[in-house]
Amino acid sequence: MIKAKSLRGGDLPSEIKEWCGKILKTDLSTHGISEMETMAYAGRFLGGRGIATRIYWEEVEPEVCAYDPRNCLIFMTGPLGATGAQGASR
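Quick notes on the rules
- Sequence order as written defines the numbering, with residues in each chain counted from 1.
- Owing to the predicted nature of the model, reporting of local features is limited to residues with pLDDT of at least 70; listing and counting of side-chain atom pairs is limited to 80 or more, with chain, interface and lining totals taken over all residues.
- The basis for every side-chain value is the complete set of non-hydrogen atoms in the structure, without hydrogens or water.
- A run of H or I in DSSP counts as a helix once it spans at least four residues, and a run of E counts as a strand once it spans at least two, with each numbered from the N terminus.
- The span you would expect from a helix comes to 1.5 Å times its residue count less one.
- Categorising residues by exposure relies on relative accessible area from a 1.4 Å probe, with only protein chains included: less than 20% of the type maximum marks a residue as buried, more than 50% marks it as exposed, and the intermediate range marks it as partly exposed.
- Residue contacts are defined here by distance: any two heavy atoms, one from each residue, within 4.5 Å place the two residues in contact.
- Aromatic rings from Phe, Tyr and Trp, taking only the six-membered ring of Trp, are treated as a pair when their centres fall within 6.5 Å; an angle between ring planes under 30 degrees marks them as stacked, one over 60 as edge-to-face, and anything in between as tilted.
- A score from 0 to 100, pLDDT tells how confident the predictor is in each residue.

K.L.:
Even after reading the chapter, I still don't get helix α2 (residues 47-59), so can you show me in this structure?
P.N.:
Helical geometry note: an α-helix holds 3.6 residues per turn, so side chains three or four residues apart project in the same direction. In a regular helix each residue adds 1.5 Å, so 13 residues correspond to 18 Å; α2 covers 18 Å between its end C-alpha atoms and thus fits that length. Along α2, the residues classified as buried are G47, G48, G50, I51, A52 and I55. The elements touched by buried residues of α2 are β1 (22-27), β2 (32-37) and α1 (39-42).

Encoded structure:
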């Protein structure tokens, strides 16, 4: 298990239950489905937008165009999603 550090320097929880801490990765070309762990990203990137940006950076090469089949479409939620916080689900 990967031990991640929070932005304030403390350890993030090492035990995450159920679906938290996982990303479902679906390849529409091959109909393949896999899971990715998010703990490797959680300490360095803030929320869904930060993690999504890092995953996109790793997965997509610079020469890929907008409608290229090699491009990625990423849907992520942030840490305040479904909390009622203003602007959390924009």
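Next, the rest of the story.
K.L.:
Teacher, can you tell me more about the packing of aromatic side chains here?
P.N.:
Centre-to-centre distance and the angle between the planes together describe a pair of aromatic rings. Summed over all chains, the structure comprises one aromatic pair. Aromatic pair Y41 and F45: ring centres 6.4 Å apart, planes at 50°, arrangement tilted. For F45, a relative accessible area of 22% gives the class partly exposed.

K.L.:
Is there a simple way to explain the confidence of the model for the protein chain in this structure?
P.N.:
The predicted structure's coordinates, where accompanied by low pLDDT, should not be read in detail. Put simply, the protein chain has an average pLDDT of 79, and 77% of its residues get 70 or more. Mean pLDDT values over the elements of the protein chain span from 82, in α1, up to 91, in β2.

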